[in-house]
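Per-entry structural report
Residues per chain, in single letters:
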Amino acid sequence: MMNTKEEELRRLICDIGRNLFNKDFIAANDGNISARLSATEVITSPTGVSKGYLQPHMLVKVNLQGDILEAAEGYRPSTEVKMHLKIYNELPQMGGVVHAHPPYATAFAIKGEALDKMMMPESVIAMGDIPLAVYGTPSTEEIPDSLIPFLGKKTAVLLESHGALTWGKDVMAAYMNMERLEYTAKLTFLTRMIGGERELPQHRIEELLALRSFYGM
């Protein structure tokens with residue numbers, strides 16, 4: 001019998017999947033979402049299903065090694081769950097991970113450029129710079145290994161030539177970080193189009209960074 005916490009988490013993952021789909025952050029069967037259910041269990045979206053049409057029963061429960069603990073017939077986790085599990089294993093305080101292909105952010109990932117300009121107070125406080133994780137072949141250990149330099153330091157990265165990955169204290173925080181990442185990428189693109197890309201002065205950036213603890217970042 002599924003407990004209330006698990007039911008709510010499954011519904012929330014489906015809601016986030018619809019948001020990603022409706023915002024054009026993913027196409028077709030792209031992307032994946034996961035949430036930590038307990039110290040040893042993770043609920044994750046299945047492979048081969050549009051995240052815009054997820055239903056709670058489709059989600060798969062795995063352990064931190066990726067073994068399937070519970071799955072409805074015909075559903076299995078994405079091979080990309082490896083990068084989610086890397087985060088859960090290395091960062092026990094993290095409770096959610098989102099992988100998507102938002103177009104502006106993915107354009108920078110394909111170009112191979114980090115989003116490291118400190119242009120907007122909200123972005124500086126909430127995220128700071130967004131680094132680029134070196135290219136890895138999807139479904140292999142190369143992508144999880146590419147995350148290692150950023151674990152414990154960042155909550156969002158661009159995946160070179162692939163897309164974006166975000167994480168947070170829970171799955172909603174991870175999703176919010178994906179929205180922030182794409183918004184940063186879109187503003188970077190637009191300001192370049194009007195020749196107006198410019199960073200805040202260094203002393204202003206330092207003031208904003210000092211506010212992070214005040215906002216619980």
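Quick summary incoming for the structure in this document. Keep in mind the model is a prediction, meaning the values are calculated, not measured.

Parameters at a glance
Residues numbered from 1 in each chain as written. Predicted model: local features only at pLDDT ≥ 70, side-chain atom pairs only at ≥ 80, totals over all residues. Heavy atoms only, no water. Helix = DSSP H or I, 4+ residues; strand = E, 2+ residues; numbered from the N terminus. Rg over C-alpha atoms; globule rule 2.2 N^0.38 Å. Buried < 20%, exposed > 50% of the residue type's maximum accessible area, 1.4 Å probe, protein only. Contact = heavy atoms within 4.5 Å. Areas by Shrake-Rupley, 256 points an atom, 1.4 Å probe, with all protein chains shown as cover. Lys, Arg positive; Asp, Glu negative; His and termini not counted. Charge placed at Lys NZ, Arg CZ, Asp CG, Glu CD. Pairing = 2+ DSSP bridges. Axes fitted to C-alpha atoms, helices over the stretch in contact; angles between N-to-C directions. Parallel < 35°, antiparallel > 145°, perpendicular 65-115°, else oblique. Nonpolar A, V, L, I, M, F, W, Y, C, P; charged D, E, K, R; others polar. Salt bridge = Lys/Arg side-chain N within 4 Å of Asp/Glu carboxyl O.

Description of the overall build of the protein
Across its full length, the protein carries 7 helices and 8 strands. The C-alpha radius of gyration computed for the protein amounts to 17 Å, which stays within 12% of the reference 17 Å derived for 217 residues, consistent with globular compactness. Taking the principal axes of its C-alpha atoms as reference, the protein extends roughly 55 × 35 × 30 Å. Taken across its 217 residues, the protein has 46% of its residues classed as buried. Restricting the contact set of the protein to residue pairs at least 6 apart, pairs at least 24 apart contribute 64%. Of the accessible surface of the protein, which amounts to about 10,700 Å², a share of 54% is contributed by carbon and sulfur atoms. Where the 22 positive side-chain charges of the protein centre and where its 27 negative ones centre are 3 Å apart.

Examining the pairing of strand S3 (residues 60–63)
By the alternation rule, side chains of S3 split into Val60 and Val62 and Lys61 and Asn63, which are all buried. Two strands pair when backbone bridges link them, and strand S2 (residues 41–44) and S3 are joined in this way by 4 bridges, in the antiparallel orientation. Bridging from a neighbouring strand, Val42 pairs with Val62 of S3. By the bridge criterion, 2 bridges tie S3 to strand S4 (residues 68–70) in an arrangement that is antiparallel. Within S4, the residue paired with Val62 across the bridge is Ile68.

A short note on the packing of helix H1 (residues 4–22) against helix H6 (residues 171–193)
Between two packed helices, both the angle of their axes relative to each other and the distance between the axes serve to describe the pair. Remark: H1 packs on H6, axes separated minimally by 10 Å, with the N-to-C direction vectors making an angle of 10°. Classed by the angle they form, the pair H1 and H6 counts as roughly parallel. Within the contact between the two elements, H1 uses Leu9, Leu12, Ile16, Asn19 and Leu20 and H6 uses Val171, Met172, Tyr175 and Met178. Among the residues forming the contact of H1 with H6, the class breakdown is 8 nonpolar, 1 polar and no charged.

Section: the pattern of salt bridges
Throughout the structure, instances matching the rule amount to 14 salt bridges. Across the pair Arg10 and Glu70 runs a salt bridge whose closest N-O atoms are separated by 3.8 Å. Of this pair, Arg10 sits in helix H1 while Glu70 sits in strand S4, and the two are 60 residues apart along the sequence.

Re the pairing of S2
Sheet topology places strand S1 (residues 32–36) next to S2; 3 bridges connect them, and they run antiparallel. Looking at the pairing, Ala35 lines up with Ile43 of S2. Here S1 folds back onto S2, and the loop between the two strands holds 4 residues.

A look at the environment of Ile43
Along the polypeptide, Ile43 turns up in strand S2. Between the C-alpha atoms of Ile43 and Leu209, which are 166 residues apart in sequence, the distance is 33 Å. The contacts of Ile43, once residues within four sequence positions are left out, are Glu6, Arg10, Ile13, Ile33, Ser34, Ala35, Leu37, Leu59, Val60 and Lys61.

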